[in-house]
Amino acid sequence: MLRDHPHLTAEGLDREIYLVSGGRTLAGFDAVRHLAARLPLLSPLGLLMYLPGAVLLGRPAYRWVADHRRTVLACRIGEPTIVHKALASLLIVAVLAAAAAGSVFRTEDWPLTCVPMFATPVEPDGARYSFRIRAVDAKGKSKELPSSACGVPELRLKRLLFRAYGSVSEDDPYGGRPGDTPAAFEARMTAFFRAWADAARGRGNLAGARRLRLEVVREAGGRSERHRVGTYDLGTREFRREPR
Amino acid sequence: MTALSRFWFATSRRYSMGIFRIILGAWFLLDFAGFLPALDEIARRPAALMSPCAGLRWSGLSQADPAALVALLRPAAWVLAAAATLGAGTRFALLALALVNAILRSLHNSWGYVGHASILPAFTLFILAFSPGAADWSLDALLGWLAARLRGAARPLLDRLAGRPAAVWPVHLVLMLVAVVYFAAGCEKIREGGRSWLDGRTLQWYLEGRAHSKRLGDSTQFFSARRDTPTDRLFRDPWGLDKVCNSAPATATGKRVAGSRALCAVLSWATLFLECGFFLVFFLPRRLQYVLFLLLAAFHGGIGHMMRIDFGGYVVLYLCAVDWNAVVRALDSFLPGVGRARESS
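What this report covers is the structure whose coordinates are included nearby.

Thoughts on the packing of helix 9 (residues 169-193) of chain B against helix 13 (residues 261-276) of chain B
Between two packed helices, both the angle of their axes relative to each other and the distance between the axes serve to describe the pair.
Residues and elements named next belong to chain B.
Right, on to step 1. Remark: helix 9 packs on helix 13, axes separated minimally by 7 Å, with the N-to-C direction vectors making an angle of 140°. As the angle between them shows, helix 9 and helix 13 are arranged oblique. Classified by chirality, the crossing of helix 13 by helix 9 is left-handed. Along its contact with helix 9, which presents Tyr 182, Phe 183, Ala 185, Gly 186, Cys 187, Lys 189 and Ile 190, the element helix 13 presents Thr 271, Leu 272, Glu 275 and Cys 276.

Dropping the structure here:
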C-alpha cells in the first residue's frame, strides 16, 4: 500500500481512512462522505454529509470515533457497542417506566396497571354492589334492561359506567374523580346515557321506553336493597339525580 | 456505574434469546387461537362508548375504525406470529408482531376493562424484537449457514444456529419487568387490604367464590363500598361505591382452602413474599432462581386451579432465564455433536 502510494504514511493510515481515486486523495470524513454518496443504500446519508456546514460536525465526529476506536468503542465479538448500550439503555428506561407508571400514578389504562386484582377487602357482611338500568314506559312501568343492550358486554359496560359514575375515593384507578360535584356527576351521566341510549335504540332495545333509571343494588346475607340514583329522560336527553 | 453496566451489558452464553423467541412465539400462537377470533365482537360494538386506552392513544389510532383495524391486523398477527416463531425475517417479524399485538390488545382493552394477563407478554415482545441473539435458532440463521456453505465458508451448522454469546440485558429486563409488576401487586394488597389481607380474610372471601353470583349481573365483577365515606361525598348513593372488584368462581379446591382461615393467612403471606420478593431473583444462585421460578409457576398454577384465572403468559416469561445452552449440551447424549458444536461457538 505504502509502496503504491508513497504520499501516504503508516501513521496517517492508522489515524484515519484514506480514499485514493482518480488521482485525488481524500481522508477521514471527506473519504467517508465521498463513499457514502456513491453507495446506493447510503446515498441519502452521503447527500446530507455534503450539506453546507456538515463538515463542521462531521470532521470532529469522525475524529472522535477514530481516536476512540480502540478504547471506548472497542469490543470483543458479542459484546455490545457503545451505540448498542445507549439504545438498549433507552429501551430499558422506557419499559421499566411504563411498567412502574401504572402503580405510581394509580391508573388502570392498558398497558398501564397498578395490579389491583383481589386486593380489595369486603365488608364484614360480605356486601356486593352492582348497577342496574331499568326502562320506564309512559305508564310508569319499569323493566330491567341488560346493560349489554347497547352492544357492549356487561363486564366492560359496567366499568365504563363506573368511570362516569365515579368513586368516593379520589385516587381510585377506575373511578377516581378528584373534586367531584353533583353537577359534574350529572353531566357525565348525561353523556354516558346519551351514548348508551343511542346504541340501545339502534339495536331495537328501547321500544316503548320514556326514561332510563339507574339503580345501585346492595346484596348481603341473602338480602337485596336498591337505591335509585337518577333518571335519564329519553326526550330531553338529560340525566337528573333522584332527590334525596 | 461499572457494576450497573456489568449488570445490564455483560455478555454470557448462558441464555438463548433465540430459543426463548420460539417459546414465546408458540405461546402467542396458542393465545391467538382464543384471542383473535373473539375480536369479531369488538367490531360490532358502538363506537360512541369506546374509551381508547393508553396503548391506543400512544399509537395514534384512537380515532380509527375498530372494525377496519381488526380486519387489517388480524391476518397479519397470525402470519407475523408464525414468522417470528420460525425465525423468518426474524427482526422485522418480531417488531411488527409487537406492534400489531399491542394495537389489537389495546383495542380489546378500550372498553373499560384491563386484561392484566396480556400486559407483560406484550412488553416482552418489544424487548425480544431488539434483543441480541433473538435471531438465533431461526430459519434466517439456517439460510445464512446454507449461503455460507455454498461459498465454502460455513461454520458447523449448530454453531451457526446457536449464535454468539450475547449481552444479558434482555433477560434482566424481562425479569425486572416481572419484578416491578409483582411488586406493584404486592404493594396494592397491603395498601388496599392491609390487615384484612394479612390475616387471610380477604383471600378467604375470594376463594369462597361468594362474589360469583349471577344475581348481580356479570359474575366476574362486583363493586365494593367504603362505609366510612364523608357525607358530602355521598351524593351518588347512600353507601359510597368505591371500587370495581374482580371475582372468581368457587371451585372445590378453593372452597376447601377457604375452609381454613389459618391456611388462607399462610397463603396470603406467601403471596406477598413471592410478589414483593421476586427482586431477589437477581441475587440468587442459578439453582435457587429455578426454585423461585417453580414456586411462582406453582403459585400461578394454584390460582388457575382454585380461581380459574389464567396467568400462564407470566410463567412463560421465566423461561428466558433458563440456561438453554446447558440443555443443548445435555442433548449431546441423544444427539452426538450438539454439545461440541455449541462449545466451540
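Comments concerning the interface of chain A and chain B
Right, on to step 1. On the side of chain B, 93 residues touch chain A, which itself brings 82 residues to the contact.
Right, on to step 2. Taken together, both faces of the contact between chain A and chain B bury some 8,000 Å²; the carbon and sulfur share is 65%.
Right, on to step 3. Interface area lost by chain A to chain B is led by Trp 110, Phe 118 and Val 168 of chain A, which between them contribute 13%.
Right, on to step 4. Joining chain A to chain B, the criterion identifies 7 salt bridges.
Right, on to step 5. Taken together, chain A and chain B are joined by 32 residue pairs in polar contact (both at pLDDT 80 or more).
Right, on to step 6. Put simply, the parts of the chain that give the side of chain A that touches chain B at least two residues each are helix 5 (82-104), strand 3 (128-137), helix 6 (154-165), helix 7 (182-202), strand 5 (209-220) and strand 6 (223-233) of chain A.
Right, on to step 7. Counted by class, the side of chain A that touches chain B contains 43 nonpolar, 14 polar and 25 charged residues.

Concerning unusual backbone geometry
Right, on to step 1. Following Trp 110 of chain A, the chain continues into Pro 111 of chain A via a peptide bond in cis, with omega recorded as 5°.
Right, on to step 2. Its place among the elements puts Pro 111 of chain A in the loop between helix 5 and strand 3.
Right, on to step 3. With a phi angle near 60°, Phe 118 of chain A is a residue other than glycine that sits in the positive phi range.
Right, on to step 4. Within the fold, Phe 118 of chain A resides in the loop between helix 5 and strand 3.
Right, on to step 5. Residue Trp 137 of chain B is not a glycine yet carries a positive backbone phi of 50°.
Right, on to step 6. With respect to the helices and strands, Trp 137 of chain B occurs in the loop between helix 6 (119-129) and helix 7 (139-150).
Right, on to step 7. Judged by its relative accessible area of 19%, Trp 137 of chain B falls in the buried class.

Comments concerning the nonpolar core
Right, on to step 1. By size, the foremost hydrophobic cluster in this structure holds 145 residues, and its most contacted members are Tyr 165, Trp 196, Leu 212 and Leu 214 of chain A together with Leu 49, Trp 169 and Phe 278 of chain B.
Right, on to step 2. Top contributing element to this core by residue count: helix 9 of chain B, with 14 residues.
Right, on to step 3. Beyond its immediate stretch of four places on either side in the chain, Trp 169 of chain B contacts His 84, Ala 88, Leu 91 and Ile 92 of chain A together with Trp 8, Phe 9, Ile 127, Phe 130, Ser 131 and Pro 132 of chain B.
Right, on to step 4. Counting 8 residues, the second largest nonpolar core, distinct from the first, contains Trp 137, Ala 141, Leu 161 and Trp 324 of chain B.

What to know about the pairing of strand 6 of chain A
All names here are of chain A.
Right, on to step 1. Pairing analysis gives 10 bridges linking strand 5 to strand 6, with the strands arranged antiparallel. Within strand 6, the position partnered with Ala 220 by the bridge is Arg 223.
Right, on to step 2. The loop that links strand 5 with its antiparallel partner strand 6 comprises 2 residues; one of these, Gly 221, has a positive phi angle of about 55°.
Right, on to step 3. Pairing between strand 6 and strand 7 (residues 238-241): 4 bridges, direction antiparallel. Counted as the bridge partner of Tyr 232 is Phe 239 from strand 7.

Here we look at the pattern of salt bridges
Right, on to step 1. Considering all chains together, one arrives at 35 salt bridges over all chains under this definition.
Right, on to step 2. In this structure, Glu 186 of chain A and Arg 240 of chain A form a salt bridge, with 3.4 Å as the shortest nitrogen-oxygen distance. On the criterion of sequence distance, the pair formed by Glu 186 of chain A in helix 7 and Arg 240 of chain A in strand 7 is long-range, its members being 54 residues apart.
Right, on to step 3. Using a relative accessible area of 17% as the deciding quantity, one classes Glu 186 of chain A as buried.
Right, on to step 4. What makes Arg 240 of chain A partly exposed here is its relative accessible area of 46%.
Right, on to step 5. Connected via shared salt-bridge partners are Arg 106, Asp 171 and Asp 172 of chain A together with Glu 188, Arg 191, Glu 192, Asp 242 and Lys 243 of chain B.

Cut-offs applied
- Residues numbered from 1 in each chain as written.
- Chains lettered and ligands numbered in written order.
- Predicted model: local features only at pLDDT ≥ 70, side-chain atom pairs only at ≥ 80, totals over all residues.
- Heavy atoms only, no water.
- Axes fitted to C-alpha atoms, helices over the stretch in contact; angles between N-to-C directions.
- Helix = DSSP H or I, 4+ residues; strand = E, 2+ residues; numbered from the N terminus.
- Parallel < 35°, antiparallel > 145°, perpendicular 65-115°, else oblique.
- Left-handed = near helix turned anticlockwise from the far one by under 90°.
- Contact = heavy atoms within 4.5 Å.
- Buried area = accessible area lost by both parts, 1.4 Å probe.
- Salt bridge = Lys/Arg side-chain N within 4 Å of Asp/Glu carboxyl O.
- Polar contact = N/O pair within 3.5 Å; in protein donor to acceptor, adjacent residues only side chain to side chain.
- Nonpolar A, V, L, I, M, F, W, Y, C, P; charged D, E, K, R; others polar.
- Buried < 20%, exposed > 50% of the residue type's maximum accessible area, 1.4 Å probe, protein only.
- Core = buried A, V, L, I, M, F, W, Y, C linked by side-chain atoms within 4.5 Å.
- Pairing = 2+ DSSP bridges.

Geometric descriptors of this kind do not, in isolation, establish any biological role.
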